[in-house]
Amino acid sequence: MPGWLRQAFGDRWLLLVVPTLAFLLIFFGYPVVQMLLRSVQEPTSGLGNYELFFQTEVYVKILRRTVTTAIIVTVVCLALAYPYAYLMSIVSRRWRIVLLAVVLLPFWTSLMVRTYAWIILLQDTGIVNDVLERAGIGRQSLIRNTLGVTIAMAQILLPFMVLPLYAVMQGIDRRLVQAAESLGANPAKAFLRIYVPLSMPGVIAGATLVFILSLGFYVTPALLGSPQNAMLSQLIVQQVSTLLNFGMGGTMAAILLAVILVILLGISRVVRPSAAYDAVGPR
Amino acid sequence: MRGCVRLSVVLAAATLTLAGCGGDDDEAEPAGESGAGASTGESADISGTTMTFVSWGGTYQDAQEQTMTTPFAEARGVEFLQDGPTDYAKIKTQVEAGQVTWDVIDMDPYFAIQQCNKLLVPIDTSVVDTSKMPPELVSECAVPSMVYSTANYYNADKFGDGPPTDWADFFDTEKFPGKRAVFNDSQGGALEAALMADGVAEEDLYPIDYDRAFAKLDTIKDDLIFWDEGAQAQQMIETGEADMVMAWLGRGYTAIKNGANYEPVWNGAQGVYDVFTVPKGSKNEAAAMEFISYATGAEAQTGLAEALPYAPINSDADPQVDELLASFLPTKPEISEQMVTIDQDWWAANKDEADQLWTSWTGG
């Protein structure tokens, strides 16, 4: 191998990263850069699109609503996934497989099918409302509002929360909790002071994943929500598909990207960034 | 460490440059010269071509395939690829990149008027005979493919005795309590319906008075739900999700045929139509024009009207249909005299502004 190559690559196995890097740069980096360029070139050069975005009241409202909905979905998902992942980590192997299949099986069906299934379940004349009416609670409005969108998105994004949580939890030594109890802590305190902090890497990984995915989610909010709780993704689609305003569409996408980066930066100030990658704690 | 980062960047940049080089060489083929040969009325020999037909999917495109593309393919020795649904952003991207794969596109007339000579080419009238079509439906880059309507379909179980008779009833939630559904698009007809409900006469509908229309829509905002796809409107009628649904003809008819106890209100029903167009840079322009000529001919139009209640645009067409379908055809005199025509030229000029206002109103 020529000297300069050996010198450039301390370890020649690092060359293996080049195909992936090239793939990402060509099929991801280049189109993203293209869109960003369009946002400052169409229809006129300059930051006009960005100005227009922040001046339009309804756009800013939708941006705020998108972030709020994403936060709500993340919290709901976490609340559902944490006990489930904990259960998965303490049961026998056979039950673990069953629990895993239950969470993953919907994941393997088409997103469109799942979303339409939710519409059929939650609509005013649907099964859930029939049950509620028989139970005496009366028919509730379960779709075309944030409630319906949250329910469906939480279910759809559940595997993304359960799996990182489980991956971390299975590596936590439960004897540590027992040790804390033997030292005088009551079970609740032992759990909160020992187990939960140890499971944090999984929480961060799962929450970050679910949050970013929900920010950009299109199909489920579009079908289950009403225009009154439209998210930014629907606005982008309208700009690109209906108005053919690729510039503004690029602007909105760029703003969403900026929001995500800012929030990730904020999280990294509070938590060590690499904490999300510590899949297994000390045994 | 620095050395290997440098090298990866160099290698990746090299790959990027190589990939980027290939894109700009294809230019859009010059349009317009292929139609000149067929001026004598003899059909050009187009056998062996493979064309792509694009429409809106569902029962409509199925019917178009059955009555238009398949007979034409057999008669002329061409092959058809079906694609869809019509996506305006895709058309723009294809034409801009010079990689046009779509040949005949079924679309909204306002878009065809707006994009004539920008994304679409003029229809070759030496090939396509427009003499049998209603002249107000023909424009430079588009000919009508069929006529349909947007109307109020009401729940006959609830409002069977004392049914709604006009758009004012659609906006009257006291006399007719229940949910209303409209198409979530500024040109879905809701603005015109609101103005008509507020007392505006057909001649004065355009230019649309946005303030007045939105004020009227605000009165039912709490009971208003939206649909984005034709299939959703059909489902709303079939499940009874909304008691009055503003839906397209094909969807309303199919829902009622499937057993939904809903009835249409023809008074004030809005007349709309779809058009056939050919994008700029299509690789089979001559064949596309030949196809459009066939698809707007009496035979194909009769066939389509017998499959779905979309009225033929060819005055020679003579569909034989069952009673239910016949009662829905927009060209039936009793229906057509009550209908209101949507001004597509106005929409071509004002859609963008209307969309912004619609988004502000629905999103707020």
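Note that the structure is predicted; figures quoted are calculated from it, not measured. (Residues numbered from 1 in each chain as written. Chains lettered and ligands numbered in written order. Predicted model: local features only at pLDDT ≥ 70, side-chain atom pairs only at ≥ 80, totals over all residues.)

Participant: I'd like a rundown of the overall build of chain A, residues and numbers included.
Facilitator: Of the regular secondary structure elements, chain A holds 13 helices and 0 strands. In chain A, the succession of α and β elements from N to C terminus is α-α-α-α-α-α-α-α-α-α-α-α-α. Projected onto the principal axes, the alpha-carbon positions of chain A cover approximately 75 × 70 × 35 Å. For chain A, with 283 residues in total, the buried portion stands at 33%. A separation threshold of at least 6 residues defines the contact pool for chain A, and within that pool the share at least 24 residues apart is 73%. (Helix = DSSP H or I, 4+ residues; strand = E, 2+ residues; numbered from the N terminus. Buried ≥ 20, exposed ≤ 12 C-beta atoms within 10 Å, placed from the backbone. Contact = placed C-beta atoms within 7 Å.)

Participant: Could you give an account of unusual backbone geometry, with specific residues and numbers?
Facilitator: Cis peptide bonds are those with omega within 30 degrees of zero, and the linkage from Gly 84 of chain B to Pro 85 of chain B qualifies with -10°. Phi is positive for Arg 144 of chain A, which is not a glycine, with a value near 60°. Relative to the elements of secondary structure, Arg 144 of chain A occurs in the loop between helix H7 (127–134) and helix H8 (146–169). On the basis of neighbour counts, which here come to 24 C-beta atoms within 10 Å, the residue Arg 144 of chain A falls in the buried class. A positive phi is found at Leu 244 of chain A, a non-glycine position, where the angle reads about 55°. Here Leu 244 of chain A shows up in the loop between helix H12 (232–242) and helix H13 (246–270).

Participant: A description of the domain arrangement of chain A should follow, citing residues and the corresponding values.
Facilitator: Residue and element names in this part refer to chain A. Each assigned domain of chain A is listed with its residue range as follows: domain 1 (1–39) and domain 2 (47–277). Here domain 1 and domain 2 have C-alpha centroids that lie 32 Å from each other. Contact with domain 1, which involves 4 residues of that partner, is made by 7 residues of domain 2. In terms of residue class, the side of domain 1 that touches domain 2 is made up of 2 nonpolar, 1 polar and 1 charged. (Domains from an automatic or database assignment. Nonpolar A, V, L, I, M, F, W, Y, C, P; charged D, E, K, R; others polar.)

Participant: Hey, could you go over the nonpolar core for me, with residue numbers and the actual values?
Facilitator: In terms of nonpolar packing, the biggest core is built from 100 residues, with Val 104, Ala 181, Ala 194, Ile 237, Val 245, Ile 292 and Tyr 310 of chain B touching the most fellow members. Per element, the largest residue contribution to this core is 8 residues, and it comes from strand S8 (residues 262–277) of chain B. Apart from the residues lying within four places of it in its own chain, the contact partners of Ala 194 of chain B are Phe 171, Ala 213, Lys 216 and Leu 217 of chain B. Grouped together as the second largest cluster of nonpolar side chains are 54 residues, Cys 77, Met 153, Ile 156 and Tyr 166 of chain A included. (Core = buried A, V, L, I, M, F, W, Y, C linked by C-beta atoms within 7 Å.)

Participant: Tell me about the packing of helix H4 (residues 57–90) of chain A against helix H15 (residues 344–363) of chain B, and please be specific about residues and values.
Facilitator: Where H4 of chain A meets H15 of chain B, the closest approach of the two axes is 9 Å, and the angle between their N-to-C directions is 45°. Between H4 of chain A and H15 of chain B, the angle falls in the class oblique. The hand of the H4 of chain A/H15 of chain B crossing is left-handed. Contacts between H4 of chain A and H15 of chain B involve Val 58, Lys 61 and Ile 62 of chain A from the first element and Thr 359, Ser 360 and Gly 363 of chain B from the second. Residue composition of the contact of H4 of chain A with H15 of chain B, grouped by class: 2 nonpolar, 3 polar and 1 charged. (Axes fitted to C-alpha atoms, helices over the stretch in contact; angles between N-to-C directions. Parallel < 35°, antiparallel > 145°, perpendicular 65-115°, else oblique. Left-handed = near helix turned anticlockwise from the far one by under 90°.)

Participant: Lay out the pairing of S8 of chain B with the relevant residues and their values.
Facilitator: Residue and element names in this part refer to chain B. Taking burial as the measure, the 16 residues of S8 include 12 buried ones, the bulk of the element. Bridging between strand S3 (residues 104–107) and S8 involves 3 bridges; their strand directions are antiparallel. Looking at S8, one finds that Met 107 is bridged to Val 275. Bridge count for strand S4 (residues 143–155) against S8 is 11 bridges, and the pairing is antiparallel. Counted as the bridge partner of Tyr 153 is Pro 264 from S8. Across 2 bridges, the pairing between S8 and strand S9 (residues 340–341) is parallel. Bridge pairing links Gln 270 to Val 340 in S9. (Pairing = 2+ DSSP bridges.)

Participant: Could you give an account of the confidence of the model for chain B, naming the residues involved and the relevant values?
Facilitator: Residues and elements named next belong to chain B. Confidence in the prediction for chain B averages 85 pLDDT; 88% of positions are at 70 or higher. Per-residue pLDDT, averaged within each element of chain B, yields its smallest value for helix H1 (residues 2–21) (49) and its largest for S3 (95). Scored below 50 in pLDDT, residues 14–42 makes 33 contacts in the model with residues more than four places away or belonging to other chains. In the predicted complex, the global pTM is 0.78; the interface-specific ipTM is 0.73. (pLDDT = per-residue confidence, 0-100.)

Participant: Outline the pairing of strand S5 (residues 180–183) of chain B, listing residues and values.
Facilitator: Residues and elements named next belong to chain B. Neither face of S5 is exposed, since Arg 180 and Val 182 on one face and Ala 181 and Phe 183 on the opposite face are all buried. Two elements, S5 and strand S6 (residues 224–227), share 4 bridges in a ladder whose sense is parallel. When the bridges of S6 are listed, Phe 183 appears paired with Trp 227. Alignment of S5 against strand S7 (residues 244–248), held across 2 bridges, turns out to be parallel. Following the sheet pairing, Ala 181 is matched in S7 by Val 245.

Participant: Describe in detail the packing of H8 of chain A against helix H10 (residues 187–216) of chain A, supporting the description with residues and values.
Facilitator: Residues and elements named next belong to chain A. Packing of H8 against H10 brings their axes to within 8 Å, and their N-to-C directions diverge by 155°. Between H8 and H10, the angle is such that the two are roughly antiparallel. As H8 packs across H10, the resulting crossing turns out to be right-handed. Residues Met 153, Leu 157, Phe 160, Met 161, Pro 164, Leu 165, Ala 167, Val 168 and Met 169 of H8 form the contact with H10, whose own contacting residues are Ser 199, Pro 201, Gly 202, Val 203, Ala 205, Gly 206, Leu 209, Val 210, Leu 213 and Ser 214. For the contact of H8 with H10, the class distribution of residues is 15 nonpolar, 4 polar and no charged.

Participant: Got a sec to walk through helix H7 (residues 190–197) of chain B? Specific residues and values, please.
Facilitator: Residue and element names in this part refer to chain B. For H7, a buried count of 8 out of 8 residues is recorded, marking the element as mostly surrounded by other parts of the structure. Buried residues of H7: Ala 190, Leu 191, Glu 192, Ala 193, Ala 194, Leu 195, Met 196 and Ala 197, and no others. Buried residues along H7 sit in contact with helix H6 (167–170), S5, helix H8 (210–218), S7, S8 and S9. Gly 199 sits one or two residues past H7 and shows a positive phi near 105°.

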